[in-house]
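Next come the chains, spelled out residue by residue.
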Amino acid sequence: MTENLNPFAIAQAQLDEAAAVLQLDPDMHAFLRQPMREFHFTIPVKMNDGHTEIFQGFRVQYNDARGPAKGGIRFHPKETIDTVRALAAWMTWKTAVSDIPLGGGKGGVICNPREMQPDELERLSRGFMRAISRYVGLTKDSPAPDVYTNPQIMAWMLDEYEVLTGHHEPGAITGKPLQLGGSAGRGPATAMGGMFTIREAAKLRGMTLEGATCAIQGYGNVGGFAHRLAHDLFGMKVVAVSDEYGGIYSANGLNPNDVVKHLQQTGKVIGCPGTDNINNKELLELDVDILIPAAIENQLTGQNANQIKAKIVAELANGPTTPEADNILNDKGIYIIPDFLCNAGGVIVSYFEMVQNAYQFYWDEPMVNDRLDKKITTAFLAVHEMAQAKKVDNRVAAYLVAVNRVAEAVRLRGWV
Ligand code: GLU
């Protein structure tokens, strides 16, 4: 039978497994299987060639029992409502496992930002905000960057929101540029949080990180910073990295400065001097200590899971591993740091950004990183203890911790 790669079907199947272990009340289970609210809208954008392109946008507020919905907006040519639903569900579990007072949401636009001019992207970003401004804001739902969106896009969205509402409300959006109330450390936050979880996993496995080999799939904000931090913080030997155009390999380890310089010159990692080309499949199947999928969903599947040789898989991407792959990797004894735990650093620092915006008092980067470390390490240990206590794998354990918290909030509110 071929695998079902629909991300929302996968997110629901993961919840179903956790619900069975928890013996979750069937009504609660039914409630948590669906988004509470979703918006589908068109965004007409005047393009530079004179025609008006009609883009399709989505915002899903999956669950806001624990606080306002929270989650990024993706600009992606292959965006679908089911991907956004899955990502919004994972945000719900991510904020809960991190124990920050927020719910889960996600947005998306079907578009190819690489083929758009900056002013077209600005009109699209402002159009997105016009379409949902009534339904978002500090106390309702606060968007952030995700795949192919960035601080500049957040700045345009925030400006549009504040023009429409007539007041300043910086916490309505996170991942903003520092000058508009962004947080120190928000750029590297997802990768930084992932490093703290890798440090804890390595302790449990008795693995020394100095000199440990690593392969990273994806070289966007998350993968790029992961390379730098793995190299600078731990002295890990990152032997392979990739982006959507292909990958590079060097047995001696890749220096992040060299790769970034080449990327700035050519727009791609391939061709970086002193490296060999490697394809996506080869990168994932390398015999390394740590594999970091930091791109998009469904990368480790029933097709390739048997060939994965890493000892630790640190899921900095959302949804990189299918349930079939999950079973295979667990059977092989590979230690998985599940996505909504491993990559929670971004939303944790987004929460810190909202706190700083509310107080209009800003922290320096060491303070942000120190507080991030405490939050994510506490979450990591809660998941580890749950896995030991219930004799389940890390992903199921993360679900047990998160679903318990969300279900409790739903119950206390009297919704179910
Ligand atoms: N897009 C990031 C994620 O998937 C961050 C979300 C946020 O900061 O709200 O976790």
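Below is a summary of the structure that appears in this document. (Residues numbered from 1 in each chain as written. Predicted model: local features only at pLDDT ≥ 70, side-chain atom pairs only at ≥ 80, totals over all residues. Heavy atoms only, no water.)

**Here's the deal with the overall build of the chain**
Part 1: When you go through the chain residue by residue, the secondary structure sums to 14 helices and 12 strands.
Part 2: The globule rule puts the C-alpha radius of gyration for 416 residues at 22 Å, and the 20 Å found for the chain is close to it.
Part 3: With the C-alpha coordinates aligned to their principal axes, the bounding extent of the chain is approximately 55 × 55 × 50 Å.
Part 4: Counting every position in the chain, which comprises 416 residues, the buried fraction comes to 60%.
Part 5: Look at the contacts in the chain between residues 6 or more apart in sequence, and 69% of them connect residues 24 or more apart.
Part 6: For the chain, the accessible area works out to roughly 16,900 Å², and carbon and sulfur atoms hold 51% of it.
Part 7: Looking at the chain, you have 39 positive and 47 negative side-chain charges, and the mean spots of the two groups are 3 Å apart. (Helix = DSSP H or I, 4+ residues; strand = E, 2+ residues; numbered from the N terminus. Rg over C-alpha atoms; globule rule 2.2 N^0.38 Å. Buried < 20%, exposed > 50% of the residue type's maximum accessible area, 1.4 Å probe, protein only. Contact = heavy atoms within 4.5 Å. Areas by Shrake-Rupley, 256 points an atom, 1.4 Å probe, with all protein chains shown as cover. Lys, Arg positive; Asp, Glu negative; His and termini not counted. Charge placed at Lys NZ, Arg CZ, Asp CG, Glu CD.)

**Looking at helix H7 (residues 221–234)**
Part 1: Compared with an ideal rise of 1.5 Å per residue, which puts 14 residues at 20 Å, H7 spans 19 Å between its outermost C-alpha atoms and is within 8% of the ideal.
Part 2: Restricting attention to buried positions, one finds in H7 the residues Val222, Gly223, Gly224, Ala226, His227, Leu229, Ala230 and Phe234.
Part 3: Among the structural elements, helix H6 (189–205), strand E6 (213–217), strand E7 (237–243) and helix H8 (256–266) are those in contact with the buried residues of H7.
Part 4: Looking one or two places after H7, you find glycine 235, whose phi comes out positive at around 65°. (Expected span 1.5 Å × (residues − 1).)

**Considerations on the pairing of strand E3 (residues 69–76)**
Part 1: Taken across its 8 residues, E3 has 8 buried, putting it largely inside the fold.
Part 2: Bridging between E3 and strand E4 (residues 104–110) involves 4 bridges; their strand directions are parallel. Looking across to E4, one finds that histidine 76 is bridged to isoleucine 110. (Pairing = 2+ DSSP bridges.)

**What to know about the nonpolar core**
Part 1: Judged by nonpolar contacts, the single largest core of 87 residues is most densely connected at Leu32, Trp90, Trp93, Ile290, Ile292 and Ile337.
Part 2: With residues up to four places along the chain from it excluded, the contact list for isoleucine 337 reads Thr197, Ile198, Ala201, Ile312, Val313, Ala314, Glu315, Cys342 and Phe380.
Part 3: Ranked by size, the runner-up nonpolar core spans 25 residues in total, among them Phe75, Val109, Val136 and Ile173. (Core = buried A, V, L, I, M, F, W, Y, C linked by side-chain atoms within 4.5 Å.)

**Let's talk about the site of the ligand**
Part 1: Taken together, 14 residues form the shell around the ligand, and within it Lys70, Lys94, Pro145, Asp146 and Ser350 come nearest.
Part 2: The side chain of lysine 70 places a nitrogen or oxygen atom 2.9 Å from an oxygen atom of the ligand.
Part 3: The fraction of the free accessible surface of the ligand (300 Å²) that becomes covered by protein chains is 94%.
Part 4: Residues belonging to the shell around the ligand are distributed by class as follows: 4 nonpolar, 5 polar and 5 charged. (Near = heavy atom within 4 Å. Polar contact = N/O pair within 3.5 Å; in protein donor to acceptor, adjacent residues only side chain to side chain. Nonpolar A, V, L, I, M, F, W, Y, C, P; charged D, E, K, R; others polar.)

**Description of the environment of aspartate 25**
Part 1: Take aspartate 25: it is sitting in the loop between helix H1 (7–22) and helix H2 (26–32).
Part 2: Its relative accessible area of 38% is what places aspartate 25 among the partly exposed residues.
Part 3: C-alpha separation for the pair aspartate 25 and alanine 407, spaced 382 residues apart in sequence, amounts to 9.5 Å.

**Some points on the packing of aromatic side chains**
Part 1: In the structure shown here, the tally under the stated rule is 8 aromatic pairs.
Part 2: A ring pair is formed by phenylalanine 39 and tyrosine 135, whose centres lie 4.4 Å apart and whose planes are at 20°; its orientation type is stacked. Of this pair, phenylalanine 39 sits in strand E1 (residues 37–46) while tyrosine 135 sits in the loop between helix H4 (118–132) and strand E5 (141–145); the two residues are 96 residues apart in sequence, bridging distant segments of the chain.
Part 3: Residue phenylalanine 39 is classed as buried on the basis of its relative accessible area of 15%.
Part 4: Members of the aromatic cluster, each reached through a chain of ring pairs, are Trp93, Phe340 and Tyr399. (Phe/Tyr/Trp six-rings, centres within 6.5 Å; stacked < 30°, edge-to-face > 60°.)

**Let's talk about the sheet that holds E5**
Part 1: Taken together, the 5 strands give an open sheet; going across it, the order is E1-E2-E4-E3-E5, and neighbouring strands pair in mixed fashion. A strand with exactly one partner marks an edge of an open sheet, and here the two such strands are E1 and E5. In this sheet, neighbouring strand axes are inclined to one another by 25° on average, regardless of whether the strands run parallel or antiparallel.
Part 2: Pairing geometry for E3 and E5, over 5 bridges, is parallel. (Axes fitted to C-alpha atoms, helices over the stretch in contact; angles between N-to-C directions.)

**Overview of the packing of helix H13 (residues 365–390) against helix H14 (residues 394–413)**
Part 1: Where H13 contacts H14, the two axes come as close as 8 Å, and the packing angle between them is 110°. Overall, the two elements H13 and H14 adopt an arrangement that is roughly perpendicular. Here H13 contributes Ala382, Val383, Met386, Ala387 and Lys390 to the contact with H14, which in turn contributes Asn394, Ala397, Ala398, Leu400, Val401 and Asn404.
Part 2: In the contact of H13 with H14, the residues fall into 8 nonpolar, 2 polar and 1 charged. (Parallel < 35°, antiparallel > 145°, perpendicular 65-115°, else oblique.)

**Looking at the packing of H1 against H14**
Part 1: Where H1 contacts H14, the two axes come as close as 9 Å, and the packing angle between them is 75°. As far as their axial angle goes, H14 and H1 are roughly perpendicular. For the pair formed by H1 and H14, the contact residues are Ala11, Gln14, Leu15, Glu17, Ala18, Val21 and Leu22 on the first element and Arg395, Val396, Tyr399, Leu400, Val403 and Asn404 on the second.
Part 2: Class assignment for the residues of the contact of H1 with H14 results in 9 nonpolar, 2 polar and 2 charged.

None of this, on its own, says anything about what the molecule does.
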